[in-house]
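Tertiary structure, described
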Number of protein chains: 2
Amino acid sequence: MGKSEIEKVTLSEKFSLINDHWNPRVAGELNGQQVKLAKFLGPFEWHHHANEDEFFMVMKGQIEIHLRDKVVTLRPGEFLIVPRGVEHRPVANEEAEVLMFEPASTINTGNLENSDRTRTRLSKI
Amino acid sequence: MGKSEIEKVTLSEKFSLINDHWNPRVAGELNGQQVKLAKFLGPFEWHHHANEDEFFMVMKGQIEIHLRDKVVTLRPGEFLIVPRGVEHRPVANEEAEVLMFEPASTINTGNLENSDRTRTRLSKI
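Predicted model only: the values in this text are computed from it and were never measured.

Conventions and cut-offs
Residues numbered from 1 in each chain as written. Chains lettered and ligands numbered in written order. Predicted model: local features only at pLDDT ≥ 70, side-chain atom pairs only at ≥ 80, totals over all residues. Heavy atoms only, no water. Helix = DSSP H or I, 4+ residues; strand = E, 2+ residues; numbered from the N terminus. Rg over C-alpha atoms; globule rule 2.2 N^0.38 Å. Buried < 20%, exposed > 50% of the residue type's maximum accessible area, 1.4 Å probe, protein only. Areas by Shrake-Rupley, 256 points an atom, 1.4 Å probe, with all protein chains shown as cover. Lys, Arg positive; Asp, Glu negative; His and termini not counted. Charge placed at Lys NZ, Arg CZ, Asp CG, Glu CD. UniProt positions renumbered as here; feature names shortened; annotations may be inferred. Salt bridge = Lys/Arg side-chain N within 4 Å of Asp/Glu carboxyl O. Core = buried A, V, L, I, M, F, W, Y, C linked by side-chain atoms within 4.5 Å. Contact = heavy atoms within 4.5 Å. Pairing = 2+ DSSP bridges.

Scanning chain A from N- to C-terminus turns up one helix and eight strands. Scanning chain A from its N terminus toward the C terminus, one meets helices and strands in the order β-α-β-β-β-β-β-β-β. For 125 residues, the compact-globule estimate of 2.2 N^0.38 gives 14 Å, and chain A sits close to it at 14 Å. C-alpha atoms of chain A, sized along the principal axes, occupy 50 × 30 × 25 Å. Each of the 125 residues in chain A was classed as buried or not, and the buried ones make up 54%. As displayed, chain A offers around 5,700 Å² of accessible surface, 43% of which is attributable to carbon and sulfur atoms. Charge-centre separation for chain A: the mean point of 16 positive side chains lies 3 Å from the mean point of 19 negative side chains.

Structure below.
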């Protein structure tokens with residue numbers, strides 16, 4: 001990568017380009033990992049990732065990460081790492097902007113590979 | 001990891017515990033990567049990382065990432081990925097709070113392994 005390609009990412013600009021929900025875009029790649037951005041609204045499916053830990057940080061709004069034994073509420077400036085194998089269900093009662101950090105191989109619906117919400121080819125943003 | 005250990009991280013709380021500069025703490029681990037938090041103040045050394053790409057996101061304040069051909073200014077809600085091998089120098093004209101993502105193997109001063117600022121054993125926070 002040439003230096004001229006090294007450009008910062010302004011998250012608010014990127015989120016303003018996203019007009020759907022639960023459809024992650026790739027905003028950066030490093031060390032085999034991707035920085036993904038998505039808007040969340042409503043409840044997502046229960047799922048887990050067999051081989052990937054997943055990082056969620058809220059940039060705007062508020063989300064809940066439901067685990068089988070508790071609910072973690074995330075607000076801007078808060079993050080949660082869901083370890084591999086742990087069932088979870090993101091829920092956003094109002095629209096929220098979320099940054100995720102995970103291996104490039106991660107599928108959004110984890111073990112539910114054929115959900116209506118499964119996204120396997122993510123656009124860059 | 002048991003579910004009871006899955007706890008969110010509130011960045012402002014963690015940064016309030018940091019009273020020095022250029023001394024990254026580990027706030028989370030996932031997929032062989034670490035989430036590191038540090039306060040920056042003043043100019044850091046020019047360095048590069050031979051094998052690691054580095055992610056900088058400003059949570060509070062403002063920093064500059066000096067590259068050999070330009071300066072990128074980062075404010076809250078902005079991030080920059082510095083690819084491996086690219087010389088860079090972070091500079092904070094006022095104290096700033098910065099979140100980094102990088103492989104657990106990354107040394108803060110990169111190729112300058114014996115700088116006064118080199119930190120090889122990072123505390124968890």
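Having put the structure on the table, let's press on.
For the rest of this paragraph, the subject is the UniProt feature "domain: Cupin type-2" (unreviewed entry) in chain A. Residues annotated in UniProt with the feature "domain: Cupin type-2" (unreviewed entry) correspond here to residues 44-99 of chain A. Secondary structure content for residues 44-99 of chain A is 0% helix and 59% strand, and the end C-alpha separation is 16 Å.

All names here are of chain A. Counted by the stated rule, this structure contains 15 salt bridges over all chains. Among the ionic pairs, Glu87 bridges to Arg68, the shortest N-O distance being 3.0 Å. Highlighted residues: Glu87 in the loop between strand S7 (78-82) and strand S8 (88-103) and Arg68 in the loop between strand S5 (63-67) and strand S6 (71-74), separated in sequence by 19 residues. For Glu87, a relative accessible area of 31% corresponds to the partly exposed category.

Moving on: the nonpolar core. Core analysis: the largest hydrophobic core is formed by 28 residues, its most contacted members being Phe55 and Phe79 of chain A together with Phe55 and Phe79 of chain B. Ignoring any residue separated from it by four or fewer positions in sequence, one finds Phe79 of chain A in contact with Phe55, Phe56, Met57 and Leu74 of chain A together with Lys8, Val9, Leu11, Ala27 and Val35 of chain B.

Strand residues, when the strand is regular, have side chains that alternate between the two faces of the sheet. All names here are of chain B. When you tally the buried positions in strand S3 (residues 33-43), you get nine out of 11 residues, the bulk of the element. Strand direction decides the pairing type here: strand S2 (residues 25-30) and S3, joined by five bridges, are antiparallel. By the bridge assignment, Glu29 is partnered in S3 with Gln34. Here S2 folds back onto S3 in antiparallel fashion, the turn holding two residues, of which Asn31 has a positive phi close to 55°. In this sheet, strand S8 (residues 88-103) lies alongside S3 in antiparallel orientation, the contact comprising 10 bridges.

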